[in-house]
Structure formats: structure tokens, C-alpha cells
Amino acid sequence: MIRLMDVFKEYDNGTKALKGINLRIDDGEFVFLVGPSGSGKSTIIKLLTAEVSATQGRVMVNGYNLNNIRQWQIPYMRRTLGVIFQDFRLIEKKTVRSNLEFVMRIIGASPREMRRRIPYVLDLVGLGDKADVYPNEMSGGEQQRVAIARALINNPQMIIADEPTGNLDPQRSLEIMTLLERINSMGTTMLVVTHEKELVNRFSKRVVAIQNGELASDERGGYYQYEKSV
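Read on for a plain summary of the structure. (Residues numbered from 1 in each chain as written. Predicted model: local features only at pLDDT ≥ 70, side-chain atom pairs only at ≥ 80, totals over all residues. Heavy atoms only, no water.)

### Let's talk about the sheet that holds strand β6 (residues 81–84)
Within the open sheet, the six strands sit side by side as β6-β7-β8-β3-β9-β10. Their pairing is mixed. Two strands in the sheet have a free side with no partner beyond their single neighbour: β6 and β10 (214–219). With strand direction ignored, the average angle separating the axes of adjacent strands in the sheet is 15°. Note that strand β7 (residues 158–162) and strand β8 (residues 189–193) share five bridges and pair parallel. From the neighbouring strand, methionine 158 faces β8, where its bridge partner is threonine 189. (Pairing = 2+ DSSP bridges. Helix = DSSP H or I, 4+ residues; strand = E, 2+ residues; numbered from the N terminus. Axes fitted to C-alpha atoms, helices over the stretch in contact; angles between N-to-C directions.)

### Let's talk about the sheet that holds strand β1 (residues 2–10)
Read across the sheet, four strands follow the order β2-β1-β4-β5 without closing on themselves; strand pairing throughout is antiparallel. Edge positions in the sheet fall to β2 (16–25) and β5 (64–65), since each has one partner strand and no second. Two elements, strand β4 (residues 56–61) and β5, share two bridges in a ladder whose sense is antiparallel. Looking at the pairing, valine 61 lines up with tyrosine 64 of β5. Sheet strands in contact with helix α1 (residues 41–48) are β1, β2 and β4, and its direction is about 120° off that of β1. (Contact = heavy atoms within 4.5 Å.)

### Quick look at unusual backbone geometry
In this structure, asparagine 62 is a non-glycine residue whose phi angle is positive, near 50°. The phi dihedral of arginine 89 falls on the positive side, at around 60°, and the residue is not glycine. Take arginine 89: it is sitting in the loop between β6 and α3 (96–106). Exposure remark for arginine 89: the relative accessible area of 51% places this residue in the exposed category. (Buried < 20%, exposed > 50% of the residue type's maximum accessible area, 1.4 Å probe, protein only.)

### Some thoughts on the nonpolar core
Grouped together as the largest cluster of nonpolar side chains are 44 residues, with contacts concentrated most on Phe32, Ile148 and Leu180. Those residues in contact with phenylalanine 32, other than ones at most four positions away along the chain, are Met177, Val192, Thr194, Val200, Phe203, Lys205, Arg206, Val207 and Val208. Ile25, Ala50, Val61 and Val193 belong to the second-largest nonpolar core, a separate cluster that totals 28 residues. (Core = buried A, V, L, I, M, F, W, Y, C linked by side-chain atoms within 4.5 Å.)

### Considering the packing of α3 against helix α4 (residues 111–124)
The packing of two helices is summarised by the inter-axis angle and the distance between the axes. Running from amino to carboxyl end, α3 crosses α4 at an angle of 125°, the nearest separation of the two axes being 10 Å. With respect to each other, α3 and α4 are oriented oblique. The crossing of α3 and α4 is right-handed. Contacts from Val96, Arg97, Leu100, Glu101, Met104 and Arg105 of α3 reach α4 at Glu113, Met114, Arg117, Ile118 and Leu122. For the contact of α3 with α4, a count of residues per class yields six nonpolar, no polar and five charged. (Parallel < 35°, antiparallel > 145°, perpendicular 65-115°, else oblique. Left-handed = near helix turned anticlockwise from the far one by under 90°. Nonpolar A, V, L, I, M, F, W, Y, C, P; charged D, E, K, R; others polar.)

### Observations regarding the pairing of β10
The pairing of strand β9 (residues 206–211) with β10 spans five bridges and is antiparallel. When the bridges of β10 are listed, alanine 209 appears paired with serine 217. Between β9 and β10, which pair antiparallel one after the other, the connecting turn spans two residues, and asparagine 212 there sits at a positive phi close to 55°.

Any functional reading would require information beyond the geometric quantities listed.
As C-alpha cells, this is what we get:
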């Protein structure tokens, strides 16, 4: 479960990124986080991953109170999250299998666990026959599926997808979002940050809109009401 309670964030340069945000995301929910560039979406992600701390207010992530979390606890908190990035961030010189093994080794997974888990997750994202392929031999949509597999590989409670379809054409974008919806239906909480109005409006999900660092709307089965800024 995610909770932001009266959260403010002001950066050292004086930028007031968040101004009293209250937000609760329960286990198993699928939530779109939308809003124009500079609205505060990226700051919320950085708060949830403990990359930055709130200036004021309380942040809870999957049972961890990030206001008083100790440095040694942060890696354990982050293991409850899987993060998907717009630019994939795959290791180009490693095969798909090796990319996933690398992530599993970080948490001390055994070779036996890797042999069991990796084929399962690759099948889940539709890449069961791509384990020995390198990222640069794959399409953008396939690379994003690898990124989703990487986010899933350690069985997180929640996935944060930061503009996961930003580099994809409309058809591939729809496929990726449908995959995220399927993963959510299996019990994984999903927070998708996006600018893509048309894509959000195709799915009847909860839509949280941020505007100028404040919560503008929070609608279940809602629509993206803000135009992409230029």
C-alpha cells in the first residue's frame, strides 16, 4: 500500500514540486498518474523509490515509513517495487536471460530459482523464445517487454511504470498497456505515469491528475483531462 499524507517537496533551488499531496493506493489497484510536464509526477516517483525525501508530510511504501527509514533498509524497501522506464535501460552486452539473471543475483537468488523464474516471466510477457537474444536485436516493443520482465522478476508487490510507452507507436503502446493490465489482474499493484491521453482513456481505471504540484482530480474509471504540454 502507498500513502502520501500532506506531502510537500521543495528542492534546494527553491522549486516547490509538491504542495500538500494526499494519495492512497491500495494493494492490487491499477492507477494512472497523469498531468503536464513539471506538474510533480516525477517527484512522486522519486519519493516512492526513496531517491528524494519529503520536505514535509508522511510517505509510506509497502509497510515502510520513508520519513524515518534507515539507509540499510532502503534496498529492502526497493525490492518491493519494480520500476519500468521509458528508455528501457537494458544492458546491451547481455542477453535477455543475462539481464534478468543480473537483477536476481542482486537479491541473492540461487541458480535454481533463476532457472525456474526466468522462463516463467518471459512466457508471461510473451518472450518465451527470446532468452538468448540481445536487446539490440529486438524491436522497441520487445525491449519494453524485457524491461517489464525485469521489473517482475523478483516478484514485487508493486510496479511503477514511468512513461512505459513513450517511445512506442500506438499499436505497441496498446499491447504494453494490455500486458500491464494482465499483470495487475494477477495481483500486482500498478502505478502508470503517462502523458498519453488517448491510451488512458481506453482503459477504465483510476486516474489521478496532478497539476502544479497539487492533486487536481482523482477519479475511478476517470479520464485524462489535461493536454500534453509543449
